[in-house]
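# Survey of secondary and tertiary structure
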Amino acid sequence: MRIGDVAVHSVFDGVIPLPPELLYPEVPVSVWRGVPRALDDAGMLLVPFGGFLADDAQGHRVLFDLGGGVSPELVPGGAPPEVRELLPVQLEELGCPLDSVTDVVLTHLHIDHVGWASTAGRATFPDARHHIHAADWKHFVDGDADAAVRRKVAPCSEAAVLWDGPEAALFDWLRLIHTPGHTPGSAVALIESGGESLALVGDLFHHPEAAANPHWRCGFDWDPQAATDARTRWAERLRAARTPLAGPHFPGLEPITLR
């Protein structure tokens, strides 16, 4: 898709079947049965994971979120999903060698978003600046919230660009907006170019149905009330502005527009 002068591509890394009540503990399974193609034959919610690649005319190649990486344990104690490790192949098919990525934006530091941050203890994208909100760095890398995340992200320390406060402008077409709740440093990436816009929402919404129902509590939220407040504000904002939104867990990683 194109947003003004910026080309945006989805980058698929894999898919994991999850019990819907794990992701949304208070949503009855009967609701999901009414959503076309949401559940597989075993009643599992099919959750993709991956990210997005944006290219501009100035040579910036920005990768938003990094999927699960090699043999990811995306659920504590769980086996790696059968469909996985596709992100490097997807980038190759897009004509994007790993060393051509200029910037990595991590919307937050959960394991299914940082998996390709490093491979065998080395940064996977060695020439890229890695933009991370300072609150998430403090929580996950300096702190002890998740040892697996620390192992993945710590090798990128020299390339890390920590931003703080409510907002950071990376380029004239890209703003990162602090949206705490799911994690302390969660962010929405807002692409704006040529009068068009796209919100890359990270895990603000895991599924289009959740964007239509922002009161649904996610089972992985760090601060459930703050996350609900953030979802409600953003749903209203995006609906009013008619701004499309996309997330790395949306079916097909396809954008939607709230009505």
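Before reading further, recall that the structure is shown in the block above.
All values reported here derive from a predicted model rather than from experimental measurement. (Residues numbered from 1 in each chain as written. Predicted model: local features only at pLDDT ≥ 70, side-chain atom pairs only at ≥ 80, totals over all residues. Heavy atoms only, no water.)

### Some remarks on the overall build of the chain
The number of helices and strands found in the chain is eight helices and 14 strands. Dimensions along the principal axes, computed over C-alpha positions, put the chain at roughly 45 × 45 × 35 Å. For the chain, buried positions account for 50% of its 259 residues. Expressed as a percentage of contacts within the chain between residues at least 6 apart in sequence, the contacts between residues at least 24 apart total 69%. (Helix = DSSP H or I, 4+ residues; strand = E, 2+ residues; numbered from the N terminus. Buried < 20%, exposed > 50% of the residue type's maximum accessible area, 1.4 Å probe, protein only. Contact = heavy atoms within 4.5 Å.)

### Side note on the sheet that holds strand E12 (residues 187-193)
In spatial order, the strands read E10-E11-E12-E13-E14; together these five strands make up an open sheet with mixed pairing. Both outer strands of the open sheet, strand E10 (167-171) and strand E14 (245-246), are each paired with one neighbouring strand and no more. Summarising the sheet, strand E13 (residues 196-200) and E14 pair through two bridges and their orientation is parallel. The partner of alanine 199 across the bridge, within E14, is leucine 245. Packing of helix H8 (residues 224-241) onto the sheet brings it into contact with strand E11 (174-178), E12, E13 and E14, and relative to E11 it is tilted by some 150°. (Pairing = 2+ DSSP bridges. Axes fitted to C-alpha atoms, helices over the stretch in contact; angles between N-to-C directions.)

### Re the packing of aromatic side chains
In this structure the tally under the stated criterion is four aromatic pairs. Centroid distance phenylalanine 171 to tryptophan 173: 5.5 Å. Interplanar angle 25°. Geometry classified as stacked. In terms of burial, phenylalanine 171 and tryptophan 173 fall into one category: buried. Among the aromatic residues, those joined into a cluster by ring pairs are Tyr24, Trp32 and Trp216. (Phe/Tyr/Trp six-rings, centres within 6.5 Å; stacked < 30°, edge-to-face > 60°.)

### Digging into the pairing of E10
Direction of pairing for E10 relative to E11: antiparallel, over a ladder of four bridges. Each residue of the ladder has a partner; that of alanine 168, found in E11, is leucine 176. Where E10 folds back on E11, the antiparallel hairpin that results is connected by two residues.

### Concerning H8
Taking 1.5 Å per residue, 18 residues should reach 26 Å; H8 reaches 26 Å between its end C-alpha atoms and fits that length. Along H8, the positions that sit buried rather than exposed are Ala227, Thr228, Ala230, Arg231, Trp234, Ala235 and Leu238. Burial along H8 is one-sided: seen end-on, the buried residues are contained in an arc of 160°. In H8, those exposed residues whose orientation departs by more than 90 degrees from the buried face are Gln225 and Ala240. Against the buried residues of H8 lie E11, E12, E13, helix H7 (208-212) and E14. Two residues or fewer past H8, arginine 242 is found with a positive phi of approximately 60°. (Expected span 1.5 Å × (residues − 1). Arc of directions from axis to C-beta.)

### Some remarks on the nonpolar core
One finds Leu63, Leu109 and Phe125 to be the most contacted residues of the largest nonpolar core, which totals 39 residues. Counting only elements with at least two residues in this core, the list comes to strand E2 (6-18), strand E3 (45-55), helix H3 (87-93), helix H4 (111-114), helix H5 (134-142) and helix H6 (147-153). Contacts of phenylalanine 125, omitting those with residues within four sequence positions, involve Leu63, Leu66, Leu87, Leu91, Leu98, Val101, Val104, Trp116 and His130. (Core = buried A, V, L, I, M, F, W, Y, C linked by side-chain atoms within 4.5 Å.)

### Let's talk about the pattern of salt bridges
Oppositely charged side chains can form a pair if their charged atoms are brought close together. In this structure the tally under the stated criterion is seven salt bridges. Between glutamate 26 and arginine 217 there is a salt bridge whose closest N-O contact spans 2.8 Å. Of the two residues, glutamate 26 sits in the loop between helix H1 (20-23) and helix H2 (29-33) while arginine 217 sits in the loop between H7 and H8, which places them 191 residues apart along the sequence. The exposure class of glutamate 26 is exposed, given its relative accessible area of 54%. (Salt bridge = Lys/Arg side-chain N within 4 Å of Asp/Glu carboxyl O.)

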